[in-house]
Amino acid sequence: MDTRLLRTFTTLARTGSFTAAAAELHLAQSTVTVQIRALEKDLRVRLFDRLPSGAVLTDTGARLLERAQQLLDAEDRLHHEAHTAAPIQGSVTLGASESLCAYRLPLAVAALSRDLPTVEIHMRAVGTPSEASEQLKSGRVDVSLLLEPRTDIPHLETEVIGHEPLALVAAPGHPSVETQASPHHPSELGELGELKQQTFFLLEEGCSYSDDFARQLLAMPGEPPRITRFGSIEAVRACVEAGLGLALLPVVSVAADLASGRLRTLRNFPEVPILMLRHRSRWTSPAAQTVMARLRRMAVEGWVGG
């Protein structure tokens, strides 16, 4: 089987667009179409549904994607072993939670791109451990970074490379801020029970630290709190800045708002680990290994200069 067809298959599965796949592979869009049709003819299955929104994997295509990626991994490993003295090069896709994508990785990736000019680095948003697992399994990402206290997915290798503090925040005019006993020492706020009757905006289910906080609130006696879950930090922050309620967020995602006074800290929470995840059965290329090592160092150094 021509592995060029498999590479086109996996690229189209990752991008979801014939145009984007053609641009990434430096091919004409018509060539991508011909190659996908040739692979479907060879395998005697339909791999994609062609929809107005783009190319969507069929159930069969999704099932074959991991096998195709394994074959390409084997080919990449063969090329690497044949050219062990060659400089590190290739493409690495990082999956990361929204807060890391927005507030940590842009400068880090810029620094990596300067230091590793022969390595092409891409970023992809990954919200939850289950989503990271699927993206790693399918080969859409090579390594993931998540803000999570834990994961219990057995086929993922998990490594703590750093920590991010969390804070419960509110707008300055919110009643919870006005009644706070010690405004200059927000970490000394009393028990959460004092805040249970407030409205809370939390990140989507599957975000472990948000889920843990929601469970703490729901376990308290009395009427259940009003909790709204969003998939976007920006949506949560906008609601809180408008004075609609409280939110538990990584401090890095609201640092500018706290410094400017648009938000206030009600209570500090324990730091949440930054987890680096990779799939146990996937080959990690030298380029990916190098990027992972640089990210470990950046996290230890507080992302300074990266």
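Scroll up a little and you will see the structure.
The structure presented is a predicted model; accordingly, all values stated were derived computationally and were not measured.

Participant: Let's hear about the packing of helix H1 (residues 3-15) against helix H3 (residues 29-43): which residues, and what values?
Facilitator: Interhelical geometry of H1 versus H3 gives an angle of 110° and a closest axis separation of 9 Å. With respect to H3, the axis of H1 lies roughly perpendicular. Touching Arg 4, Leu 5, Leu 6, Thr 8, Phe 9 and Leu 12 of H1 are Val 32, Gln 35, Ile 36, Ala 38 and Leu 39, all from H3. Of the residues belonging to the contact of H1 with H3, the class tally is 8 nonpolar, 2 polar and 1 charged.

Participant: Describe in detail the environment of Ser 133, supporting the description with residues and values.
Facilitator: Mapped onto the elements of the fold, Ser 133 is located in helix H7 (residues 129-138). Through-space distance from the C-alpha of Ser 133 to that of His 279 is 7.5 Å; in sequence the pair is 146 residues apart. With residues near it in sequence (within four places) discarded, Ser 133 still touches Ile 153, His 155 and Leu 156.

Participant: So what's going on with helix H6 (residues 105-115)? Residues and values would help.
Facilitator: For H6, the full list of buried residues reads Leu 105, Ala 108, Val 109, Ala 111 and Leu 112. Looking down the long axis of H6, one finds its buried residues gathered within 160° of arc, a one-sided arrangement. Turned more than 90 degrees away from the buried face of H6 sit Leu 107 and Arg 114, all of them exposed. In this structure, the buried residues of H6 make contact with strand E3 (90-96), helix H5 (98-103), strand E4 (119-125), strand E5 (143-147) and helix H12 (286-300).

Basis of the calculations
Residues numbered from 1 in each chain as written. Predicted model: local features only at pLDDT ≥ 70, side-chain atom pairs only at ≥ 80, totals over all residues. Heavy atoms only, no water. Axes fitted to C-alpha atoms, helices over the stretch in contact; angles between N-to-C directions. Helix = DSSP H or I, 4+ residues; strand = E, 2+ residues; numbered from the N terminus. Parallel < 35°, antiparallel > 145°, perpendicular 65-115°, else oblique. Contact = heavy atoms within 4.5 Å. Nonpolar A, V, L, I, M, F, W, Y, C, P; charged D, E, K, R; others polar. Buried < 20%, exposed > 50% of the residue type's maximum accessible area, 1.4 Å probe, protein only. Arc of directions from axis to C-beta.

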